[in-house]
Amino acid sequence: MNTYFKIKSQLDHFSVDIEYEFESGVLVVQGESGAGKTTLLKFISGLKNPEVGKIAFGEQIVFDHIDKINIPTRHRNIGYVFQNYALFPNMTVAENITYGIKNMIDFKDKAKREKLLSYCESVMNTFHIDHLKKKYPRNISGGEKQRVALSRAIVTRPKLLLLDEPFSALDEKTKKIVYKEFEQFKQNFHIPTILITHSSLECEMFADQKIVLENGKRVN
């Protein structure tokens, strides 16, 4: 499935003008702070609307200013992991992870329900957090929160996964562990991913393709 975006928009401090297409794997987006990296993710996810452009996941067009198409964020089937993880504090780990699929569970269809919950288990096993199901975010470490956020984004089987500096808040020891788990995820689930990172190591480890932004524009 090809992911395509062509985005033009005037912001307060610079104008965004980016066009790119990639088929699969991990696209790493790099650039200095304020270069427009997070803004790009917001446009793709629908949290922010460009003035001009087109965004498509395969044959599904989610935004097109000419044809006046603008699919709401909740219907774009995108997994998004924010820098602060954005977990629900009053939900357990299991409740956080299954929150995104609660409307997909058909309690009358036992086979479908079991298959969906089994998939959730496999995702949690990939990130080694199945033992944390009954705990709350306040009772787990930063690395564990990051794994929960990744799991929650993945269980909906998104067409595209957006990761905004997902490893930046982790200590070096935890990063090494999570890097291995993310590599395992990449190999097992094959979800097209856009990863924002300042780390040259993360770029070297995970990038199948890379673009660099400066003042809202590609410079490579």
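Residues numbered from 1 in each chain as written. Predicted model: local features only at pLDDT ≥ 70, side-chain atom pairs only at ≥ 80, totals over all residues. Heavy atoms only, no water.

Naming follows an unreviewed UniProt entry, where the protein chain appears as Molybdate transport system ATP-binding protein of Alkalibaculum bacchi.

## As for the pairing of strand 7 (residues 78–81)
Where a strand is regular, its side chains alternate between the two sheet faces. Of the two faces of strand 7, both are covered, the one formed by Ile78 and Tyr80 as well as the one formed by Gly79 and Val81. The pairing of strand 7 with strand 8 (residues 160–164) spans four bridges and is classified as parallel. What sits directly across from Gly79, in strand 8, is Leu161. (Buried < 20%, exposed > 50% of the residue type's maximum accessible area, 1.4 Å probe, protein only. Helix = DSSP H or I, 4+ residues; strand = E, 2+ residues; numbered from the N terminus. Pairing = 2+ DSSP bridges.)

## Re the packing of helix 4 (residues 142–154) against helix 5 (residues 172–189)
Between helix 4 and helix 5, the least distance of the axes is 10 Å, while the angle of their chain directions is 15 degrees. As summarised for this structure, helix 4 and helix 5 are arranged roughly parallel, according to the angle between their axes. Regarding helix 4 and helix 5, the two cross each other, and that crossing is right-handed. Residues Gly143, Gln146, Arg147 and Ile154 of helix 4 form the contact with helix 5, whose own contacting residues are Thr174, Ile177, Val178, Glu181, Phe185 and Phe189. When its residues are assigned to classes, the contact of helix 4 with helix 5 shows five nonpolar, three polar and two charged. (Axes fitted to C-alpha atoms, helices over the stretch in contact; angles between N-to-C directions. Parallel < 35°, antiparallel > 145°, perpendicular 65-115°, else oblique. Left-handed = near helix turned anticlockwise from the far one by under 90°. Contact = heavy atoms within 4.5 Å. Nonpolar A, V, L, I, M, F, W, Y, C, P; charged D, E, K, R; others polar.)

## Here we look at the packing of aromatic side chains
A full pass over the atoms with the stated rule returns twelve aromatic pairs. Taken together, a centroid distance of 6.0 Å and an interplanar angle of 35 degrees make the contact between Phe167 and Phe206 tilted. With Phe167 in the loop between strand 8 and helix 5 and Phe206 in helix 6 (residues 200–206), this residue pair connects regions lying 39 residues apart in the sequence. Measuring from centroid to centroid gives 4.8 Å for Phe182 and Phe206, while their planes differ by 80 degrees, and the two rings are edge-to-face. In this pair, Phe182 is assigned in helix 5 and Phe206 in helix 6, connecting sequence segments 24 residues apart. One exposure class covers both Phe182 and Phe206, and it is buried. Of the aromatic side chains, those joined through ring pairs into one cluster are Tyr119, Phe127, Phe167, Tyr179, Phe182, Phe185, Phe189 and Phe206. The aromatic ring of Tyr136 is capped on one face by Arg138, whose charged end is 4.8 Å from the ring centroid. Above the plane of the ring of Tyr119 lies Arg157, whose end atom (NZ or CZ) is 3.6 Å from the centre. (Phe/Tyr/Trp six-rings, centres within 6.5 Å; stacked < 30°, edge-to-face > 60°. Lys NZ or Arg CZ within 6 Å of the ring centre and 35° of its normal.)

## Observations concerning the pattern of salt bridges
Applying the stated criterion to the full structure yields four salt bridges. Its salt-bridge partner being Lys133, residue Glu121 comes within 2.7 Å of it at the nearest N-O pair. Placement of Glu121 in helix 3 (residues 110–126) and of Lys133 in the loop between helix 3 and helix 4 is noted, with a sequence separation of twelve residues between them. For Lys133, a relative accessible area of 28% gives the class partly exposed. Between Asp208 and Lys186 there is a salt bridge; the shortest N-O distance is 3.2 Å. With Asp208 in the loop between helix 6 and strand 10 (209–214) and Lys186 in helix 5, this pair connects stretches of sequence that are 22 residues apart. With relative accessibility at 19%, the residue Lys186 sits in the buried group. (Salt bridge = Lys/Arg side-chain N within 4 Å of Asp/Glu carboxyl O.)

## A few points about the environment of Met205
Within the secondary structure layout, Met205 lies in helix 6. Residues Met205 and Glu183, spaced 22 residues apart in sequence, show a C-alpha to C-alpha distance of 8.4 Å.

## Points about the pairing of strand 4 (residues 52–57)
Here six bridges tie strand 1 (residues 3–10) to strand 4, and the two strands are oriented antiparallel to one another. Within strand 4, the residue paired with Lys8 across the bridge is Val52. Sheet analysis places strand 4 next to strand 5 (residues 60–64), joined by four bridges and oriented antiparallel. Residue Ile55 lies in a different strand from strand 5, and its bridge partner there is Phe63. Counting the residues in the hairpin turn of strand 4 and strand 5 gives two residues, including Gly58, whose phi is positive at 65 degrees.

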